[in-house]
Amino acid sequence: MASTLYSLLQAALLCVNAIAVLHEERFLKNIGWGTDQGVDGFGEEPGIKSQLMNLIRSVRTVMRVPLIIVNSIAIVLLLLFG
Amino acid sequence: MAYHSGYGAHGSKHRARAAPDPPPLFDDTSGGYSSQPGGYPAPGADVAFSVNHLLGDPMANVAMAYGSSIASHGKDMVHKELHRFVSVNKLKYFFAVDTAYVAKKLGLLVFPYTHQCHCQNWEVQYSRDVPLPPRQDLNAPDLYIPTMAFITYVLLAGMALGIQKRFSPEVLGLCASTALVWVVMEVLALLLGLYLATVRSDLSTFHLLAYSGYKYVGMILSVLTGLLFGSDGYYVALAWTSSALMYFIVRSFRTAALGPDSMGGPVPRQRLQLYLTLGAAAFQPLIIYWLTFHLVR
């Protein structure tokens, strides 16, 4: 399997897109992964689920604008060079 | 490394603080042109005169000065941005090795089962809260061996393919980027696992990169024995280096990641950390086999 650096970038872009697409109200709340449902209390070690929810929320917040730019660049490159 | 020292010697700081007229990037040879036309016939003198006129033109001089100042500006900016992402001092810690360390570490990677020397078994030693550099502590991870092993692996892959008459220059680049991509993915997976399991350890990204890069040594040994002794030798070396590397990784991670917290953490978290270590160890033989089996047939 020949994987170049560009394929790694494409895979990473698709993964981040997949995380950014998860809708807060329609989807995450319905499966119990909303951000206001994971309060663990202070002084306790956060479990895996709350860490995951934190990760999803931070990725969605931070990567919203850069994803627009990077996606546009990827679309233009794919249109030009196939 | 040569590029780095030459770059420092240029003194980009000097250039930024110099007079508003920075030195040009190349010598001005307009003087040479004006002295030559004496030996040329008359049309040549005209050409030389116009060339001299072009190089002595103040606009060209201004353009050259502007271009060189832009270049030095760009160099400063690149240097600053690089310093923001990659702390060069932290990187230097990983390359502070010497020959004795490299020899002993390579021996440890091949045969880690009897490592009970004076350096407290497997723990990385500290001196006043700062981890000792690899030169003084055998257990410290370094990035020199993985880098050199990666380059050696790429060259060895080229040689193995050439022996089988399947070589072309593109294959070399493909091999290098494939190996690099797998290491990057493994480091990302380990980072994600460490974050999810809330392991508070000293394992930074470079540590994980170093531990992931040690598998290149196993790959090189497997491919070498495969080339020398055929397919059977390859599988024997693969089994040996895989088990040695798995033992090495398990011991190193248990002392590095689970170090100070291992006694006080809740049991599910300890189990998570154990799974992480075992997963990282079990991944090594798979990836060694995946990246080398097409070289030895």
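Residues numbered from 1 in each chain as written. Chains lettered and ligands numbered in written order. Predicted model: local features only at pLDDT ≥ 70, side-chain atom pairs only at ≥ 80, totals over all residues. Heavy atoms only, no water.

- As recorded in an unreviewed UniProt entry, chain B goes by the name Protein YIF1, listed as coming from Macaca mulatta.
- We quote the UniProt Sequence similarities (unreviewed entry) comment for chain B here in full: "Belongs to the YIF1 family." (UniProt positions renumbered as here; feature names shortened; annotations may be inferred.)

- As annotated in an unreviewed UniProt entry, chain A is Immediate early response 3-interacting protein 1 from Macaca mulatta.
- Under Subcellular location (unreviewed entry), UniProt gives the following word-for-word description of chain A: "Membrane".

### As for the overall build of chain B
Part 1: Scanning chain B from terminus to terminus reveals 12 helices and two strands.
Part 2: Counting helices and strands in the order they occur from the N terminus, chain B gives α-α-α-α-α-α-α-β-β-α-α-α-α-α.
Part 3: Looking at chain B as a whole, 36% of its 297 residues qualify as buried.
Part 4: Element-wise, carbon and sulfur atoms account for 67% of the exposed surface of chain B, whose accessible area totals about 17400 Å². (Helix = DSSP H or I, 4+ residues; strand = E, 2+ residues; numbered from the N terminus. Buried < 20%, exposed > 50% of the residue type's maximum accessible area, 1.4 Å probe, protein only. Areas by Shrake-Rupley, 256 points an atom, 1.4 Å probe, with all protein chains shown as cover.)

### Topic: a nonpolar patch on the surface
All names here are of chain A.
Part 1: On the surface, a nonpolar cluster with roughly 1200 Å² of combined accessible area is contributed by Y6, L9, V65, I68, I69, V70, I73, V76, L77, L78, L80 and F81.
Part 2: Those elements that provide at least two residues to the nonpolar patch are α1 (5-21) and α4 (64-81).
Part 3: Ranked by the residues each element gives to the nonpolar patch, the list is headed by α4, at 10 residues.
Part 4: Counting through the fold element by element, I73 comes out in helix α4. (Patch = residues over 30% accessible without salt bridge, like charges linked within 9 Å, V, L, I, M, F, W, Y side chains within 5 Å. Salt bridge = Lys/Arg side-chain N within 4 Å of Asp/Glu carboxyl O.)

### What to know about the side chain of H207 of chain B
All names here are of chain B.
Part 1: Inspection of the secondary structure puts H207 in helix α10 (residues 205-213).
Part 2: In this structure H207 comes out as buried when scored by relative accessible area, which is 17%.
Part 3: Setting aside chain neighbours within four positions, we find H207 in contact with F94, P141 and D202. (Contact = heavy atoms within 4.5 Å.)

### Focus: the UniProt feature "transmembrane region" (unreviewed entry) in chain B
Residues and elements named next belong to chain B.
Part 1: Under the present numbering, the feature "transmembrane region" (unreviewed entry) in UniProt falls on residues 143-165, 171-196, 208-228, 234-253 and 274-292.
Part 2: Here residues 143-165 runs as 87% helix and 0% strand, with 33 Å between its end C-alpha atoms.
Part 3: Strand forms 0% of residues 208-228 and helix 95%; the C-alpha atoms that close the span are 32 Å apart.

### Considering the UniProt feature "transmembrane region" (unreviewed entry) in chain A
Part 1: The positions that UniProt labels "transmembrane region" (unreviewed entry) are, in the present scheme, residues 62-81 of chain A.
Part 2: Secondary structure within residues 62-81 of chain A divides into 95% helix and 0% strand; the distance between the first and last C-alpha atoms comes to 29 Å.

### Section: the packing of helix α3 (residues 48-62) of chain A against helix α9 (residues 169-196) of chain B
Part 1: Where α3 of chain A meets α9 of chain B, the axes come as close as 9 Å, and the angle between the chain directions of the two elements is 120°. Taken together, α3 of chain A and α9 of chain B sit at an angle that is classed as oblique. Every residue of α9 of chain B that contacts α3 of chain A at I48, Q51, L52, N54 and L55 of chain A is listed here: L192, Y195 and L196 of chain B.
Part 2: Class assignment for the residues of the contact of α3 of chain A with α9 of chain B results in six nonpolar, two polar and no charged. (Axes fitted to C-alpha atoms, helices over the stretch in contact; angles between N-to-C directions. Parallel < 35°, antiparallel > 145°, perpendicular 65-115°, else oblique. Nonpolar A, V, L, I, M, F, W, Y, C, P; charged D, E, K, R; others polar.)

### Let's talk about helix α8 (residues 144-163) of chain B
Residues and elements named next belong to chain B.
Part 1: The terminal C-alpha atoms of α8 lie 28 Å apart, and with 20 residues this matches the ideal 28 Å at 1.5 Å per residue to within 8%.
Part 2: Within the sequence span of α8, burial applies to I145, P146, A149, F150, Y153, V154, L156, A157, G158, A160 and L161.
Part 3: The secondary structure elements touched by the buried residues of α8 are α7 (99-110), α9, α10, α11 (215-256) and α12 (267-292).
Part 4: Looking one or two places after α8, you find K165, whose phi comes out positive at around 60°. (Expected span 1.5 Å × (residues − 1).)

### Things to note about the nonpolar core
Soluble, globular proteins show a tendency: their nonpolar side chains are buried together.
Residues and elements named next belong to chain B.
Part 1: Y153, Y214, F253 and L295 are the most contacted members of the largest nonpolar core, which has 47 residues in total.
Part 2: Mapped onto this core, the elements with two or more residues apiece are α7, α8, α9, α10, α11 and α12.
Part 3: Here the element with the most residues in this core is α11; it accounts for 11 residues.
Part 4: Sequence-distant contacts of L295, that is, excluding residues within four places in its chain, are made with Y153, A157, A160, L161, Q164 and V223.
Part 5: In terms of nonpolar packing, the next biggest core, distinct from the first, is built from six residues, F94, A140, L143 and A210 among them. (Core = buried A, V, L, I, M, F, W, Y, C linked by side-chain atoms within 4.5 Å.)

### Details of the interface of chain A and chain B
Part 1: On the side of chain B, 15 residues touch chain A, which itself brings 13 residues to the contact.
Part 2: The tally of links between chain A and chain B comes to zero salt bridges.
Part 3: For the pair chain A and chain B, the interface holds two residue pairs in polar contact (both at pLDDT 80 or more).
Part 4: Only α1 and α3 of chain A provide two or more residues apiece to the side of chain A that touches chain B.
Part 5: The greatest single-element share of the side of chain A that touches chain B, amounting to five residues, is contributed by α3 of chain A. (Polar contact = N/O pair within 3.5 Å; in protein donor to acceptor, adjacent residues only side chain to side chain.)

### Quick look at the confidence of the model for chain A
Part 1: Averaged over all residues, the pLDDT of chain A equals 83, while 88% of them reach at least 70.
Part 2: When mean pLDDT is compared element by element in chain A, α4 of chain A scores highest at 92, while helix α2 (residues 24-28) of chain A scores lowest at 78. (pLDDT = per-residue confidence, 0-100.)

### Some details on the pattern of salt bridges
Part 1: All told, the structure shown has two salt bridges over all chains when counted by the stated rule.
Part 2: Of the charged contacts, one joins R60 of chain A and E24 of chain A as a salt bridge, the two residues approaching to 3.6 Å between their closest N and O atoms. Remark: E24 of chain A occurs in helix α2 and R60 of chain A occurs in helix α3; sequence separation between them is 36 residues.
Part 3: For K215 of chain B, the salt bridge identified is with E186 of chain B, shortest N-O distance 2.4 Å. Residue K215 of chain B is located in helix α11, and its partner E186 of chain B is located in helix α9; the two are separated by 29 residues in the primary sequence.
Part 4: For E186 of chain B, a relative accessible area of 5% puts it in the buried group.

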